[in-house]
Number of protein chains: 2
Amino acid sequence: MTEHLVKTYQRSRVPLYLQVAAILRKRIEDGHWALGDKISTLEKLEAEFQIARVTVRQAIELLQKEGLVDRRQGKGTFVARDVKGKRWLRLETDWDALIRTIEDNVPHILPVATPVPPPRLDPTDGKLAKRYQYLRSVQSRGDEPYALVGVHLAKPIYAMAPKAFKTRTAFSVLSELEGVAIARAHQTLVIGSADTEAAHFLKIALNAPTAEVHCVAVDDKGVAIYVGEIIYRGDFIKLDIDLLANGPPDDTK
Amino acid sequence: MTEHLVKTYQRSRVPLYLQVAAILRKRIEDGHWALGDKISTLEKLEAEFQIARVTVRQAIELLQKEGLVDRRQGKGTFVARDVKGKRWLRLETDWDALIRTIEDNVPHILPVATPVPPPRLDPTDGKLAKRYQYLRSVQSRGDEPYALVGVHLAKPIYAMAPKAFKTRTAFSVLSELEGVAIARAHQTLVIGSADTEAAHFLKIALNAPTAEVHCVAVDDKGVAIYVGEIIYRGDFIKLDIDLLANGPPDDTK
DNA sequence: CTCAATTTGTTCGTATGTATG
DNA sequence: ACATACATACGAACAAATTGA
C-alpha cells in the first residue's frame, strides 16, 4: 500500500513530516493506539511510509510537543494523553432538538462594522425580506470557541426583541416569539476550510476543516426571516441521522 | 483583521503560500470573484496578508497551474475557470431518498486480503451478528472516485444474494431483499481527513478533508445486519436537512 | 505620441526550514 | 551529529506590458 505514499504526497506540497504527524495523530484519535499503548517503532514507521528516519522523528517530535505522546529512549513511544470526549458537539437535524441544545448557549456578540450585503438565498429558500439586521457572534464552550455565527434577521422580527437577540442565540429567541410562524426551516451543510477570519475567531489553523452550515427559516408568507451562516470547527462536530425517521421503508416491493 | 495572519499562520506550519493559495481558491469557489473577474492586485494581497510579493506570486502561480486563473502582465490576474457544479453529491438523510440516489451506482469492488475485525458498534446501534462478510469498494462518478466504502454484512444476509452484493451498492440490494426487515437505520457523520489509503483511492491529498460516515441497519431482533464505513471526499458533498420534517414546532409556549 | 500610473514579471541576496543518507 | 540539496519566505530593485490622460 505504501509505495503509493510518495505519489500521494506529491498531491499536496505540505511538508512530509506534517503529513505523517497528521496521520499518526489521527490513529491515536481514532483509538488505533489507546492511552499508554506503545506506537510503532521508528523502524516500522520509516518502512511503512518509505521515508527517512529523521523525518519520522520530526513528525513524532511534533506530537510530543502537543503532549500527545511520550518518548523513552530504549523503550519506545507511548500515547500520553487520552483524546476521548472530543466530537461532543452534536449537530441536530430537527427543530426541537436544535432548540434544546442551543437554548442555553451564550453567544459572544461581535461588532459589525460595514453595511452588510443581504443574505444569499437559494430560490427554494423563499423570498428576501425588505431589510435585515445583521448579528455576528462567536459561540464558545468554556474558553473554547466552536462556531462563528452570522445571522440575518428580518427587521420586523429583530424589532420584536432586540435585547434578547443580542444576548441569546437568535434561533432560540426566534422559536419563542409570539405570533411568529415558521412555515419551513432548512439547513445545508458543506465541508469547508477556515479563512483568516474563521481561523482567528475559532483559534484554529488557516484552512483547517470546518462545517459550513447555511440555515434558513421561512414564515408563512414565504419570506426568509432568519438566515444563519455558521462556521463550526470541523473537529468538534458530529451529525446523527436517523434514516427511518419517516417510518420504516416499504419492503414489499 | 489581517494583522492576525502571522499569528494565525503559526498555528499550522503548512507553507504560507499554500495557505494563501487555499484562501484565494476558496474565494473563487465561493463566488467572491466570478469567471472573468479581476482578482485583487499583488499589491493589495501583499498588504492584506502582510506577506512578501514573491510569496503572493507563488500562491497565484499555483492557482494558474490549476487553470483557475489567468495572469496578464500589466493588466492583472483573472478568474479563468467557472467552478460551479461542484458539491453535486447530496448526502440524503432518509432511507428512501438514500436508496433512490445510490441505486444506480456501480461500485468498483476492491480485493480484501486479510481477515477483517468485526465492525465497531455503538451500544445503541444494536448487537453484533455472529459473522460478517466484508466488502470493500470505491464509488465513482465518471472517472472521479468520490467514496471509499467498507461494508460489513451479516453472513446470512450476504448469503441471500452474494452476486448482487458484489455488483451493486449493498445498501440498495439490502432494501430489496424479501423477508428482511429493517427496524432501525442510523447514520453518523464526522469530518475527518484522508489517511494514506483514502488519499490513494480517492485520488486526493493526504489529510484532505473527508466526511466519515458510519451507517448501521438493524433488523427486528436488534442485530446489526449492515454496518457501513464510508469515506467521502469532503469537497464533493452537501447535506440537506429539513428541520421541520417532523412537523412545525410548537410555538404556543 | 508621450508620459505616468498601474500591474505583473524577473532577479538578487539572505535566512531559515525540510528531507535525505 | 553532519553534510548536502532543495524549498520557503523575505525585501528590494528593476523590467515589461497595459491603460488612459
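Definitions and cut-offs
- Residues numbered from 1 in each chain as written.
- Chains lettered and ligands numbered in written order.
- Predicted model: local features only at pLDDT ≥ 70, side-chain atom pairs only at ≥ 80, totals over all residues.
- Contact = placed C-beta atoms within 7 Å.
- Helix = DSSP H or I, 4+ residues; strand = E, 2+ residues; numbered from the N terminus.
- Nonpolar A, V, L, I, M, F, W, Y, C, P; charged D, E, K, R; others polar.
- Pairing = 2+ DSSP bridges.
- Near = placed C-beta within 6 Å.
- Domains from an automatic or database assignment.

1. A closer look at the interface of chain A and chain B
- Tallying the contact residues gives 61 residues for chain A and 61 residues for chain B.
- The set of elements that each furnish at least two residues to the side of chain A that touches chain B consists of α1 (5-10), α2 (16-29), α5 (95-102), β8 (182-193), α9 (196-202), β9 (209-219) and β11 (237-242) of chain A.
- If you tally residues by element for the side of chain A that touches chain B, the top one is β8(A), at 10 residues.
- Of the residues in the side of chain A that touches chain B, the class split is 31 nonpolar, 16 polar and 14 charged.
- As paired strands, β11(A) and strand β8 (residues 184-193) of chain B are joined by 5 bridges and run antiparallel to one another. Note that in β8(B) the partner of Ile241(A) across the bridge is Gln187(B).

2. Re the protein's contact with DNA strand C
- Around DNA strand C there are 18 residues in total, and Leu16(A), Ala52(A), Thr55(A), Thr41(B) and Arg71(B) lie nearest to it.
- Breaking the surface near DNA strand C down by element, the ones donating at least two residues are α2 and α4 (53-65) of chain A together with α3 (42-49), α4 (53-65) and β2 (76-79) of chain B.
- Considered class by class, the residues forming the surface near DNA strand C number 8 nonpolar, 6 polar and 4 charged.

3. Focus on the protein's contact with DNA strand D
Residues and elements named next belong to chain B.
- Neighbouring residues of DNA strand D: 14 residues in total, closest Pro15, Leu16, Ile51, Thr55 and Gly74.
- Broken down by secondary-structure element, the contributors of at least two residues to the surface near DNA strand D are α2 (16-29) and α4.
- Ranked by residue count, the leading element in the surface near DNA strand D is α4, at 3 residues.
- For the surface near DNA strand D, the class distribution of residues is 7 nonpolar, 3 polar and 4 charged.

4. A look at the environment of Thr167(B)
- Position of Thr167(B) among the secondary structure elements: in helix α7 (residues 162-167).
- In sequence terms Thr167(B) and Asn105(B) are 62 residues apart; their C-alpha atoms lie 9.5 Å from each other.

5. A word on the domain arrangement of chain A
- Once the domains are mapped, chain A shows domain 1 (2-79) and domain 2 (89-238).
- Relative placement of domain 1 of chain A and domain 2 of chain A: their C-alpha centres are 38 Å apart.

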